[in-house]
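# Structural overview for review
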Amino acid sequence: MRDRSELYPLKILVAGGFGVGKTTLVRALSEIEPLLTEQQMTETSVGVDDTRAVPDKRTTTVAMDFGRITVDDSLILYLFGTPGQSRFWFMWDELSRGSVGALVLVDLRRVDECFPAIDYFENRRIPYVIGVNTFPGANDHDEEAVRDALALSPETPVQWIDAREASSGIALLVRLVEHALSRTAPVPT
Amino acid sequence: MRGGAEDGRHGRQPAGRVVPVYAVTGGRTRSAGADLPVEALVTVTDAGRWAENLHLEYRTILQLAAAPVSIVELGAVLQVPVGVARVLVGDLADAGYVAVHRPQVTADGTPGPEILERLLEGLRARSV
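Every chain is numbered on its own, with residues counted from 1 as its sequence reads. Throughout, the order in which chains and ligands are written sets their labels, letters from A for the former and numbers from 1 for the latter. Note on the predicted model: pLDDT of at least 70 is required for a residue's local features to be given, and 80 or more for side-chain atom pairs to be given and counted; whole-chain, interface and lining totals, by contrast, use all residues.

### A closer look at the sheet that holds strand β3 (residues 98-101) of chain B
Residues and elements named next belong to chain B. The following threshold applies: When DSSP finds at least two bridges between two strands, those strands are taken to pair. Numbered from the N terminus, helices here are DSSP runs of H or I no shorter than four residues, and strands are runs of E no shorter than two. Two residues qualify as being in contact provided that their C-beta atoms, derived from the backbone, are within 7 Å of each other. To obtain each axis, a line is fitted to C-alpha atoms, and for helices this fit is confined to the stretch in contact; angles are then taken between N-to-C directions over 0 to 180 degrees.
One open sheet accounts for 3 strands, arranged β2-β1-β3; its pairing is antiparallel. Each edge of the open sheet is held by one strand with a lone partner, namely β2 (69-70) and β3. Taken together, the 4 bridges between strand β1 (residues 41-44) and β3 define a ladder with antiparallel strand orientation. Residue pairing across strands places T43 opposite A99, the latter belonging to β3. Contacting β1 and β3, helix α5 (residues 82-94) crosses the sheet at an angle of about 120° to β3.

In structure tokens form, the structure reads like this:
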């Protein structure tokens, strides 16, 4: 019988505005069947999260997406897509406790929707990285413009991603963990 | 996490439920498992493998916990709010039927550098 005494759960939050691709990213990365968490959404809304404007996404649920990545024999990483609305921030408090950090997804057509998430993680000194999801027609921005628009501090990583691609999501996770590690390193005196 | 407002208790019972899950938990919302983080991992023990005469929910958890499974996953599979899953897991832990593996955090409440290094290594191995 294999010893299970060394098992470490880890978690990373996936935040950002409604319809920015959080669900898509979690599903692209998860090894488990995504558990139905948006049951109240209309049929027509499901599956067009990436490519359409979101006027028809009026209903949502408190329930959230989560996904799982078995990193190695003893590390299991959970990804939690956090509800964007501020009235659900009580859930963020529990989820962010003990987390590695957060991916904040941004849709450049609606940058302001990610401000609450950025403020939240900044105020709590939780490591986060910005993932600019590449929607059609929204790709012609440079990093400096994005940094300006989001008022990011210089050390906050920014990366262009395609939330549908697992490799792209993994690359963003790597960036976050590197960033989190850099903040745990003792400051040379 | 499902039903963060814990209002999802109507109409979500999976087919085949023998008794309402609130009967199983006796309406308790606090137990040994009450403070478990949603990502805490659960594994069945040898005693749990041989446990008998348990409610369906407990048996389901013991079956799923043959491989490491988190509280939030158990809640989703059982279609109960995560708070209920915590209570059920707490009961099984009290009985010695499951082992619970909590996140390892440092004094400041975050994962330590050793764990982060391993996470980084594991993620990089996937990105090739």
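Text resumes after the structure shown.
### What about the nonpolar core?
Nonpolar side chains in soluble globular proteins tend to end up buried together. Operational definition: One nonpolar core equals one set of buried Ala, Val, Leu, Ile, Met, Phe, Trp, Tyr and Cys residues connected by C-beta atoms within 7 Å. Buried residues are those with 20 or more other C-beta atoms within 10 Å of their own C-beta, exposed residues have 12 or fewer, and partly exposed residues lie in between; C-beta atoms are placed from the backbone.
Of all hydrophobic cores here, the largest spans 77 residues; its most connected members are L77 and V104 of chain A together with I71, V89 and L119 of chain B. In this structure I71 of chain B touches L36, V38, A40, V42, V82, A85, R86 and V89 of chain B, once residues within four positions along its chain are discounted.

### Here we look at the interface of chain B and chain A
Heads up, the rule is: Each residue gets one of three labels, nonpolar for Ala, Val, Leu, Ile, Met, Phe, Trp, Tyr, Cys and Pro, charged for Asp, Glu, Lys and Arg, and polar for the others, Gly among them.
Listed as interface residues are 34 residues of chain B and, on the opposing side, 33 residues of chain A. For the side of chain B that touches chain A, the secondary-structure elements that each account for two or more residues are β1, α4 (71-78), β3 and α6 (113-126) of chain B. Examining the composition of the side of chain B that touches chain A, we find that 11 residues originate from one element, α6 of chain B, more than from any other. For the side of chain B that touches chain A, the class distribution of residues is 18 nonpolar, 10 polar and 6 charged.

### Comments concerning the sheet that holds strand β1 (residues 8-16) of chain A
Pairing is mixed in the open sheet, where 6 strands are placed in the order β2-β3-β1-β4-β5-β6 (chain A). A single partner strand is all that each edge strand has here, and the edge strands are β2 (66-70) and β6 (158-161) of chain A. In this sheet, adjacent strand axes meet at a mean angle of 25° when their direction is disregarded. Inspection of the sheet shows β2 of chain A paired to strand β3 (residues 75-81) of chain A by 5 bridges, in the antiparallel sense. Opposite R68 of chain A, over in β3 of chain A, you have Y78 of chain A as the bridge partner. Running over the sheet, α6 of chain B touches β1 and β3 of chain A and is turned about 80° from β3 of chain A.

### Digging into α5 of chain B
Count 3.6 residues to each turn of an α-helix, and residues three or four apart come out pointing the same way. Residues and elements named next belong to chain B. Filter applied, for reference: Helix span, expected: 1.5 Å multiplied by one less than the number of residues in the helix.
Between the first and last C-alpha of α5 there are 18 Å, a value that for 13 residues agrees with the 18 Å anticipated at 1.5 Å per step. Burial analysis of α5 places 12 of its 13 residues in the buried class, which makes it a mostly covered element. Positive backbone phi, at 80°, marks G96, one or two positions downstream of α5.

### Focus: the pairing of strand β4 (residues 101-106) of chain A
All names here are of chain A. Quick note on the threshold: Orient the strands so they point away from the viewer; a crossover is then right-handed if the path from the first strand over the helix to the second runs clockwise.
With respect to burial, β4 is a largely interior element, 6 of its 6 residues being buried. Direction of pairing for β1 relative to β4: parallel, over a ladder of 5 bridges. Opposite I12, over in β4, you have G101 as the bridge partner. Where β4 meets strand β5 (residues 128-133), 5 bridges bridge the pair, whose relative direction is parallel. When the sheet's bridge partners are listed, A102 is paired in β5 with Y128. One crossover worth recording links β4 to the parallel β5 by way of helix α3 (residues 115-123), and it is right-handed.

### Examining the confidence of the model for chain A
We apply this condition: Confidence of the predictor in every single residue is expressed as pLDDT, which spans 0 to 100.
Put simply, chain A has an average pLDDT of 80, and 73% of its residues get 70 or more. Of the regions scoring below 50 in pLDDT, residues 36-61 of chain A engages in 36 contacts with residues more than four places distant in sequence or in other chains.

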